[in-house]
Structures are given as structure tokens and as C-alpha cells.
Amino acid sequence: MSDQKVAEKTIEVLDMGKCCLLTLTNKHLRGQILRLIKEPGKSPKKIKDQVDVLLSGIAGYTLEHENNLAKRIGAALFGVIILIGSVYCWQNMGWESWYWGALVGALVALFGWLGNPDTYCFALNIMGSKTMIPVVASKTQIVQEFITKLQNAKIAYDEM
């Protein structure tokens, strides 16, 4: 290490609205995040948290993708089964209000497909604690660029 002090300068700011506002400098990662805490069998809790850590305290960083295709297909198939069942009841049992069942089946299939989008999380390992930050699908490219700059800043900090 040299005897000269290097001034701290901002490299990048990651602003994702309510989810995250992180400032990356050549020495620190600071900001506020919305952290997801996943517990088995329960829906994830969202907690606002402050981050202020030296770059040497960051052990890992990645953008994780959870593909929900199986959930979409399952929900759509359930809706199609309701639709087919209502048409069957109309043809074989003379059910007069079959169209309500068909409408419900079509809506279940549509909302099942559209209601289960893929999810993304910015996983940040800070001093052994994995922090999951939810990411909107449209912001994945911005987060990926931030991760690249974070990686470069960490390498430069470790070489100081």
C-alpha cells in the first residue's frame, strides 16, 4: 500500500426506486435496500435495511433468476380443465349456464399465465450474510452493469 490517501469518489449509483438505492465508491458500498427474507413455507418478508460496507467486506454478488414457467403452465392447465368441464356439462347434461364456467375457465387460464411472471433478485453477500434484493424484470440490464462495475471496483480496491 502506498502512503498516499486516495480520495473517495463515486463510481456508480444504482437507483431502483423503493427496492434499492446503492452508491458504489472506490472504497465503499452504501445505501438503502429492500431486503427479502425467505422462510420455508411462508411468503418472503420485505425489510428496509441500510448498507455501509467496505468493498473488502463484499464476498459475492450475482443476479438470480427464478423461472416460473411451471407455475404458469399449471395455472393455465387448471383453467383449461374448467373450460373443458363446462363445455362437457353443456353437451352431455344440458347445463344451460355453461358459458359462465367457460368464462371462469378462460379467466383462470389467462390470469394464471399472466400472474406468474419470472422473478429476479440481486443477491449480495456482505460479510457472510446473503442479502436478496428484488429486481423488476425491466431493470435486469442495469443491475448486471452495476454488478460489473462492482466487480471492477472490488478488484481495484483489493489491489490497493
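This write-up is about the structure you can find in this document. (Residues numbered from 1 in each chain as written. Predicted model: local features only at pLDDT ≥ 70, side-chain atom pairs only at ≥ 80, totals over all residues. Heavy atoms only, no water.)

**A short note on the pairing of strand S2 (residues 20-25)**
Two strands pair when backbone bridges link them, and strand S1 (residues 10-15) and S2 are joined in this way by five bridges, in the antiparallel orientation. What sits directly across from glutamate 12, in S2, is leucine 24. Counting the residues in the hairpin turn of S1 and S2 gives four residues, including glycine 17, whose phi is positive at 70 degrees. The pairing of S2 with strand S3 (residues 28-37) spans five bridges and is antiparallel. (Pairing = 2+ DSSP bridges. Helix = DSSP H or I, 4+ residues; strand = E, 2+ residues; numbered from the N terminus.)

**Here we look at the environment of isoleucine 142**
Here isoleucine 142 is to be found in helix H3 (residues 140-159). Of the residues examined, isoleucine 142 reaches a relative accessible area of 40% and is grouped as partly exposed. As a C-alpha pair, isoleucine 142 and methionine 16 span 126 residues in sequence and 9.2 Å in three-dimensional space. (Buried < 20%, exposed > 50% of the residue type's maximum accessible area, 1.4 Å probe, protein only.)

**Brief notes about the pattern of salt bridges**
Scanning the model with the defined rule gives six salt bridges in all. With a shortest N-O distance of 2.8 Å, lysine 149 and glutamate 12 are connected by a salt bridge. You can see lysine 149 sitting in helix H3 and its partner glutamate 12 sitting in strand S1, a full 137 residues away along the chain. Using a relative accessible area of 35% as the deciding quantity, one classes lysine 149 as partly exposed. Judged by relative accessible area, which is 23%, glutamate 12 ranks as partly exposed. For aspartate 158, the salt bridge is made with lysine 154, and the minimal N-O distance between the two is 3.6 Å. On the criterion of helical spacing, the pair formed by aspartate 158 and lysine 154 is a turn pair, its members being four residues apart in helix H3. (Salt bridge = Lys/Arg side-chain N within 4 Å of Asp/Glu carboxyl O.)

**Brief notes about the packing of helix H1 (residues 69-93) against helix H2 (residues 98-114)**
In contact at an axis separation of 7 Å, H1 and H2 are set at 175 degrees when each is read in the N-to-C sense. Looking at the two axes, H1 sits roughly antiparallel to H2. A class-by-class count of the residues in the contact of H1 with H2 yields 17 nonpolar, five polar and one charged. (Axes fitted to C-alpha atoms, helices over the stretch in contact; angles between N-to-C directions. Parallel < 35°, antiparallel > 145°, perpendicular 65-115°, else oblique. Nonpolar A, V, L, I, M, F, W, Y, C, P; charged D, E, K, R; others polar.)

**Some points on the environment of lysine 48**
Within the element layout of this structure, lysine 48 appears in strand S4 (residues 45-54). Taking the relative accessible area as the measure of exposure, lysine 48 reaches 56% and is therefore exposed. Taking the C-alpha atoms as reference points, lysine 48 and glycine 17, separated by 31 residues in sequence, lie 12 Å from one another. Leaving out residues up to four positions away in the same chain, lysine 48 has contacts with Gln32, Ile33 and Leu34. (Contact = heavy atoms within 4.5 Å.)

Everything listed is a geometric property; what it means functionally is a separate question.
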